[in-house]
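So the chains spell out like this:
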Amino acid sequence: SAIDGKLEECFKSYESHAVEEAENLAEIEEYGNAMNLIQTCIDSIGDETETLTAALERYAELAQGKTSSDAVRKADEFYAQGLYADAFLELETAAGRVEETDELDSAAERLEKRFAADMLTKAEETLAGSRENIDAAQEMLDQAAAIRPLEELNEYREKLEALRPLSLVQAQYKQREGDVYRSASEFEATSGTKYADGWIWGGDGDY
């Protein structure tokens, strides 16, 4: 009985000490270490008291929040350095370490929109309004898609493909009557669309 009483006294003292030390760790945002300290105390005592349970849950929640916020911050830093793949990987890795991924999912969605907008801007700059640059612009989009295969990138790639000179052999024509010749300046098709360059069939103005 005396030993049991002394053990209970030691357990309470240990619990108090562990809770106090965990709080000190939490003040410097070492939530993971605080959580581990509480868990060690629980394992050593062999009893999960209300105090220890509440502390464990609290630090676990704080640790997950810090993991998410740190990942978002690091992802932004990677992105700013042009390390786009690392930015997305940082968010994905963090999502595998936490239970609640809402913050990370939102961050990934924002990053995808930012990435798509930036890559489309770069593609336009690479194109520079010249058909001679189509290959280079598409290659840039392909590299971006390898990092994140977004629909916006594919749509713009197809748009660039449509800018290539028309092949008279492979084209499917709406109308083929009349002589075929290459326009030397801007012209307007029967549809009302204006073109700076292209093939015209006779007086129909179709291409």
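Scroll up to find the structure this text is about.
Residues numbered from 1 in each chain as written. Predicted model: local features only at pLDDT ≥ 70, side-chain atom pairs only at ≥ 80, totals over all residues. Heavy atoms only, no water.

A. Highlighting the packing of helix H5 (residues 102-127) against helix H6 (residues 134-147). Between H5 and H6, the least distance of the axes is 8 Å, while the angle of their chain directions is 165°. Between H5 and H6, the crossing angle belongs to the class labelled roughly antiparallel. The two elements H5 and H6 meet at a crossing, and its hand is right-handed. Seen from H5, the contacting residues are Phe115, Met119, Leu120, Lys122, Ala123, Thr126 and Leu127; seen from H6, they are Ile134, Ala136, Ala137, Met140, Leu141, Ala144 and Ile147. A breakdown of the residues in the contact of H5 with H6 according to their chemical character gives 12 nonpolar, 1 polar and 1 charged. (Axes fitted to C-alpha atoms, helices over the stretch in contact; angles between N-to-C directions. Helix = DSSP H or I, 4+ residues; strand = E, 2+ residues; numbered from the N terminus. Parallel < 35°, antiparallel > 145°, perpendicular 65-115°, else oblique. Left-handed = near helix turned anticlockwise from the far one by under 90°. Contact = heavy atoms within 4.5 Å. Nonpolar A, V, L, I, M, F, W, Y, C, P; charged D, E, K, R; others polar.)

B. Spatial organisation of the packing of helix H2 (residues 31-45) against helix H3 (residues 50-80). Here H2 crosses H3 at 155°, and the two axes come no closer than 8 Å. Accordingly, the angle class assigned to the pair H2 and H3 is roughly antiparallel. Crossing of H2 over H3 shows left-handed handedness. Here H2 contributes Tyr31, Gly32, Ala34, Met35, Ile38, Gln39, Cys41, Ile42 and Ile45 to the contact with H3, which in turn contributes Leu52, Ala55, Leu56, Tyr59, Ala60, Leu62, Ala63 and Lys66. Residue composition of the contact of H2 with H3, grouped by class: 14 nonpolar, 2 polar and 1 charged.

C. Quick peek at a negative patch on the surface. A cluster of acidic residues, Glu61, Glu99, Glu100, Asp102 and Asp105, forms a negative patch at the surface. Mapped onto the secondary structure, Asp102 falls in helix H5. (Patch = residues over 30% accessible without salt bridge, like charges linked within 9 Å, V, L, I, M, F, W, Y side chains within 5 Å. Areas by Shrake-Rupley, 256 points an atom, 1.4 Å probe, with all protein chains shown as cover. Salt bridge = Lys/Arg side-chain N within 4 Å of Asp/Glu carboxyl O. Lys, Arg positive; Asp, Glu negative; His and termini not counted. Charge placed at Lys NZ, Arg CZ, Asp CG, Glu CD.)

D. Seen up close, the nonpolar core. Of all hydrophobic cores here, the largest spans 28 residues; its most connected members are Leu91, Leu104, Phe115, Met119, Leu141, Leu153 and Leu160. Elements supplying a minimum of two residues to this core: H3, helix H4 (84-95), H5, H6 and helix H7 (151-161). Sort the elements by how many residues they give to this core and H5 lands first, with 9 residues. Residues within four places of Leu104 in sequence aside, it is in contact with Ser68, Ala71, Val72, Leu91, Ala94, Ala95 and Val98. Residues Ala26, Ile45, Leu56 and Tyr59 belong to the second largest nonpolar core, which totals 14 residues. (Core = buried A, V, L, I, M, F, W, Y, C linked by side-chain atoms within 4.5 Å. Buried < 20%, exposed > 50% of the residue type's maximum accessible area, 1.4 Å probe, protein only.)

E. Expanded view of the packing of aromatic side chains. This structure, assessed with the given rule, holds 3 aromatic pairs. Seen from their ring centres, Phe88 and Phe115 are 5.7 Å apart, and the 85° between their planes marks the pair as edge-to-face. In this pair, Phe88 is assigned in helix H4 and Phe115 in helix H5, connecting sequence segments 27 residues apart. We classify Phe88 as buried; its relative accessible area is 3%. Residue Phe115 is classed as buried on the basis of its relative accessible area, which comes to 0%. Each member of the aromatic cluster is reached from another via a ring pair, and the members are Tyr79, Tyr84, Phe88 and Phe115. (Phe/Tyr/Trp six-rings, centres within 6.5 Å; stacked < 30°, edge-to-face > 60°.)

F. Quick peek at a nonpolar patch on the surface. Together, Ile3, Leu7 and Phe11 make up a nonpolar patch on the protein surface, roughly 280 Å² of accessible area in all. Along the chain, Ile3 falls in helix H1 (residues 2-27).

G. Highlighting H5. Between the first and last C-alpha of H5 there are 37 Å, a value that for 26 residues agrees with the 38 Å anticipated at 1.5 Å per step. Leu104, Ala107, Ala108, Leu111, Phe115, Ala116, Met119, Ala123 and Leu127 are the residues of H5 that are buried. The first or second residue beyond H5 is Ala128, which carries a positive phi of 50°. (Expected span 1.5 Å × (residues − 1).)

H. Focus on the environment of Ala85. Within the secondary structure, Ala85 sits in helix H4. Ala85 sits in the partly exposed class, given a relative accessible area of 43%. Residues Ala85 and Ala146, spaced 61 residues apart in sequence, show a C-alpha to C-alpha distance of 9.1 Å.

Function-wise, these values are silent; they only describe arrangement.
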